[in-house]
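Residue-level structure breakdown
Listed below are the residues making up each chain.
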Amino acid sequence: QVQLVESGGASVAAGGSLRLSCAGSGSYYATGCMAWFRQAPGKKREGVAFITPGEGTRYTDSVKGRFTMSKDNTKNTHYLQMNGLKPEDTAMYYCWWRHASGSNCYGEPYWGQGTQVTVSS
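Residues numbered from 1 in each chain as written. Predicted model: local features only at pLDDT ≥ 70, side-chain atom pairs only at ≥ 80, totals over all residues. Heavy atoms only, no water.

1. Focus: the nonpolar core
- With 26 residues, the main nonpolar core has Leu4, Trp36, Val48, Phe67, Leu80, Met82 and Tyr93 as its most contacted residues.
- Contributions of two or more residues to this core are made by strand 3 (18–24), strand 4 (33–39), strand 5 (46–52), strand 7 (67–72), strand 8 (77–82), strand 9 (91–101) and strand 11 (115–120).
- Tallying contributions element by element places strand 9 first for this core, with four residues.
- Beyond its immediate stretch of four places on either side in the chain, methionine 82 contacts Gly16, Ser17, Leu18, Leu20, Arg66, Phe67, Tyr93 and Val117. (Core = buried A, V, L, I, M, F, W, Y, C linked by side-chain atoms within 4.5 Å. Buried < 20%, exposed > 50% of the residue type's maximum accessible area, 1.4 Å probe, protein only. Helix = DSSP H or I, 4+ residues; strand = E, 2+ residues; numbered from the N terminus. Contact = heavy atoms within 4.5 Å.)

2. What to know about the packing of aromatic side chains
- Summed over all chains, the structure comprises seven aromatic pairs.
- A centroid spacing of 5.5 Å and a plane angle of 80 degrees characterise the contact between phenylalanine 37 and phenylalanine 50, whose relative ring orientation is edge-to-face. Of the two residues, phenylalanine 37 sits in strand 4 while phenylalanine 50 sits in strand 5, which places them 13 residues apart along the sequence.
- Here phenylalanine 50 falls in the partly exposed class, since its relative accessible area comes to 22%.
- When the ring of phenylalanine 37 is compared with that of tryptophan 96, the centres are 5.9 Å apart and the planes differ by 50 degrees; the resulting orientation is tilted. Here phenylalanine 37, found in strand 4, pairs with tryptophan 96, found in strand 9; they are 59 residues apart in sequence, far enough to count as distant. Side by side, phenylalanine 37 and tryptophan 96 carry an identical accessibility label, which is buried.
- Three or more aromatic residues link up through ring pairs in this structure, and these residues are Phe37, Phe50, Tyr94, Trp96 and Trp111.
- When the ring centre of tyrosine 94 is taken as reference, the NZ or CZ atom of arginine 45 above it lies at 3.8 Å.
- Its guanidinium or amino end placed over the ring of tryptophan 111, arginine 45 lies 4.6 Å from that ring's centre, counting from NZ or CZ. (Phe/Tyr/Trp six-rings, centres within 6.5 Å; stacked < 30°, edge-to-face > 60°. Lys NZ or Arg CZ within 6 Å of the ring centre and 35° of its normal.)

Below, the structure written as structure tokens:
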């Protein structure tokens, strides 16, 4: 069983920065697939950034060059550094984790509780 606890959401002005954190539990946490998703009101949840073992980090096009995902295996935590925030980045942000075998993610996905990011123009 993996539990994810998020923090770092806030209200900021456009152009500002935030860093989201997702602390995970479980002995396999550091070797798993990790990601950040977001869901804006009235929209589908979308993947923002992914770390897959052996394949590095990938980003959705709308955040490339502005967001950086990283992880600290010693702390069982992954992060989303968000710079140059825009009003369209306003959403509930969720961290996500699945077991990994090589570069394949498998098994039940685990989700954090969500943290709200609001960007004002």
